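Structure at a glance
Residue strings, one per chain:
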Amino acid sequence: ESAGIVPLFCYDPRWFAASRYGSSCKTGPHRAQFLIESVNDLRERLRELGSDLVVDVGPPEECIPKLVPPGASCTVFAQREVTPEEIAA
């Protein structure tokens, strides 16, 4: 039994930090714009289906607990990182 599903997208600041391979950011302006547009499109599509998308800024390990009341029971489904640099972060 569930009270509902809360779709969440976290803009993780680590994506915008300097890459370990140089001084440039991992997410440049074009990639950042694509990401913003993609998240906005996802939010609109979810709204068309009667849902919504919670958008937060911060690491997922900080964003997710903010949505769950203390002592509440919940199940969290998350994307698993598969690239070496993100896994190491």
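Look up a bit, the structure's there.
All right, on to the environment of Phe-77 then. For Phe-77, the position within the fold is in the loop between α2 (60-67) and α3 (84-88). Residue Phe-77 is classed as exposed on the basis of its relative accessible area, which comes to 76%. On a C-alpha basis, the gap between Phe-77 and Pro-7 in space is 9.5 Å, while along the polypeptide they are 70 residues apart.

Another point: helix α1 (residues 29-48). Residues spaced three or four apart along an α-helix face the same direction, because each turn holds 3.6 residues. If you check α1, its first and last C-alpha atoms are 29 Å apart, about what 20 residues at 1.5 Å a residue would give, namely 28 Å. Among the residues making up α1, those that are buried are Ala-32, Leu-35, Val-39 and Leu-46. Buried residues of α1, viewed axially, fall in a sector of 60°; they line one side. Seen from the open side of α1, the exposed residues pointing more than 90 degrees away from its buried face are Pro-29, His-30, Phe-34, Arg-45 and Glu-48. Where α1 terminates, the next one or two residues include Gly-50, which has phi positive at roughly 85°.

This next bit is on the nonpolar core. Of all hydrophobic cores here, the largest spans six residues; its members are Phe-9, Tyr-11, Leu-35, Val-39, Leu-46 and Leu-53. A total of three residues in this core trace back to one element, the largest contributor, which is α1. Once you skip the residues sitting within four places of it in the chain, Leu-35 turns out to touch Phe-9, Tyr-11, Trp-15 and Phe-16.

Thresholds, definitions, all that
Counting restarts for each chain: residues are numbered from 1 in the order of the written sequence. Local features in a predicted model are, by the rule used here, given only for residues with pLDDT of at least 70; side-chain atom pairs are given and counted only at 80 or more, and totals for whole chains, interfaces and linings are based on all residues. Heavy atoms throughout the structure, all of them, feed into the side-chain values; hydrogens and water do not. The secondary structure listing takes helices from DSSP runs of H or I that are at least 4 residues long and strands from runs of E that are at least 2 residues long, numbered from the N terminus. Exposure categories follow from relative accessible area, calculated using a 1.4 Å probe and restricted to protein chains: below 20% of the type maximum is buried, above 50% is exposed, and the middle band is partly exposed. What a helix should span is 1.5 Å times the count of its residues minus one. This arc describes the spread of directions from the helix axis toward the C-beta atoms. Residues belong to one nonpolar core when they are buried, are Ala, Val, Leu, Ile, Met, Phe, Trp, Tyr or Cys, and are joined through side-chain atoms within 4.5 Å. Residue contacts are defined here by distance: any two heavy atoms, one from each residue, within 4.5 Å place the two residues in contact.

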